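Take a look at the letters that make up each chain.
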Amino acid sequence: MRIANDNFYHLIESKIADLHQIPVNGFVQEPGYSQVKNRAALILALEYVLDAHRKKYATYWNPLTGRAALHHLLLQKYKWPLKEIRSLDLQDSIFLLQEELALDALPEEAKESINFFAGGTRPNTHFPEIREEEWDSTLSSRTPLKRRTPDF
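All residue numbers refer to positions counted from 1 along the written sequence of the respective chain. In keeping with the model being predicted, local features are shown solely for residues with a pLDDT of at least 70 and side-chain atom pairs are shown and tallied solely at 80 or more, while totals for entire chains, interfaces and linings include all residues. Note that water and hydrogens are dropped before the side-chain values are worked out from all heavy atoms of the structure.

Caption draft 1: Structural view of the environment of A40. We count a stretch as a helix when DSSP gives it H or I for four or more residues in a row; a strand needs E for two or more, and each element gets its number in order from the N terminus. Residue position: A40 is located in helix 2 (residues 32-57). Each residue gets one of three labels from its accessible area relative to the maximum for its type: buried under 20%, exposed over 50%, partly exposed in between, using a 1.4 Å probe on protein chains only. Using a relative accessible area of 0% as the deciding quantity, one classes A40 as buried. With near-sequence residues (within four places) excluded, A40 lies in contact with Y9, I12, E13 and I16. We call two residues contacting when some pair of their heavy atoms lies within 4.5 Å.

Right under this line is the structure:
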């Protein structure tokens, strides 16, 4: 089983837990604990979708780091003016990517990672809105999404 880098997931989870002031270690309470896990799983899914998009479209001159990958993906999908795409907030952007973020549409590695890290949470327990601060669009440029496989 190949799963995401533990540190990558835990950085996402910690950021969300801190923003919502919900403990995820020690004494935890529901529904907050599941809300954090489910939001972290959504952000992890977004990172996998953007990682696949970068692999397909990034160039040496434009590696599509940060929000640029999200904007390029939406541009490719909808062909809207870039100014409109750049004005979208995170909640609207995720709404527009529902097809790509469906669990069945994700790569097998993403499904395994989500099940590994957030598998025991209740799927219908989520925060009502997606906050901009929940996604650190620069995380993938600082921390590898995937575990490095050892060279044998």
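Caption draft 2: The arrangement of the layout of surface pockets in detail. The distinction between a cavity and a pocket rests on a 1 Å grid over the protein atoms alone: a 1.4 Å probe fits inside a cavity but cannot get out, while a pocket stays open yet meets protein on both sides within 12 Å along at least five of seven lines, and a residue with an atom within 4 Å of a point counts as lining. Grid points are joined across faces, edges and corners, and a volume is the space filled by probe spheres set on the points. By volume, the second largest pocket amounts to about 150 Å³. Secondary structure elements with two or more residues in the lining of the second largest pocket: helix 2 and helix 8 (139-142). No other element matches the 4 residues that helix 2 contributes to the lining of the second largest pocket. Classification convention: Asp, Glu, Lys, Arg as charged; Ala, Val, Leu, Ile, Met, Phe, Trp, Tyr, Cys, Pro as nonpolar; all other residues, Gly among them, as polar. Counted by class, the lining of the second largest pocket contains 2 nonpolar, 3 polar and 4 charged residues.

Caption draft 3: Expanded view of the packing of helix 2 against helix 7 (residues 108-118). Between helix 2 and helix 7, the shortest axis-to-axis distance is 10 Å and the interhelical angle comes to 160 degrees. With respect to their mutual orientation, helix 2 and helix 7 come out roughly antiparallel. Where helix 2 crosses over helix 7, the two elements pack in a sense that is right-handed. Touching K37, A41, L44, A45 and Y48 of helix 2 are E109, A110, S113, I114, F117 and A118, all from helix 7. To get an axis, a line is fitted to the C-alpha atoms, and for a helix only the part in contact is used. The angle between two axes follows their N-to-C directions and goes from 0 to 180 degrees. With respect to orientation, any angle under 35 degrees is reported as roughly parallel, any angle over 145 as roughly antiparallel, any angle of 65 to 115 as roughly perpendicular, and every other angle as oblique. Each crossing is labelled by how the near helix is turned from the far one, with a counterclockwise turn of less than a right angle marking it left-handed and a clockwise turn marking it right-handed.

Caption draft 4: View of the packing of aromatic side chains. Centre distance within 6.5 Å is the pairing criterion for rings of Phe, Tyr and Trp, where only the six-membered ring of Trp is used; planes under 30 degrees apart are then read as stacked, over 60 as edge-to-face, and the remainder as tilted. In this structure the tally under the stated criterion is 4 aromatic pairs. Judged by centre distance (5.7 Å) and plane angle (90 degrees), the rings of Y60 and W61 are edge-to-face. When its relative accessible area of 74% is taken as the criterion, Y60 is described as exposed. Owing to a relative accessible area of 75%, W61 belongs among the exposed residues under this scheme. Ring plane angle 85 degrees and centroid distance 5.0 Å describe the contact between F116 and F117, whose orientation is recorded as edge-to-face. Assessed through its relative accessible area of 44%, F116 is described here as partly exposed. Members of the aromatic cluster, connected to one another through ring pairs, are Y9, F116 and F117.

Caption draft 5: Main features of the side chain of T143. Positionally, T143 belongs in the segment after helix 8. Discounting chain neighbours no more than four positions away, the residues touching T143 are N5, N7, F8 and L11.

Caption draft 6: Quick look at helix 7. Along helix 7, the positions that sit buried rather than exposed are E109, A110, K111, S113, I114, F117 and A118. Where helix 7 is buried, its residues meet helix 1 (6-20) and helix 2.

Caption draft 7: Expanded view of unusual backbone geometry. Of note, the bond from E30 into P31 is cis; its omega dihedral lies within 30 degrees of zero at 5 degrees. Tracing the sequence through the fold places P31 in the loop between helix 1 and helix 2. With a phi close to 55 degrees, Q21 is a non-glycine residue in the positive phi region. Tracing the chain through its elements places Q21 in the loop between helix 1 and helix 2. Here Q21 falls in the exposed class, since its relative accessible area comes to 71%. Despite not being glycine, L64 shows a phi value in the positive range, around 55 degrees. Among the residues examined, L64 registers a relative accessible area of 4% and is labelled buried.

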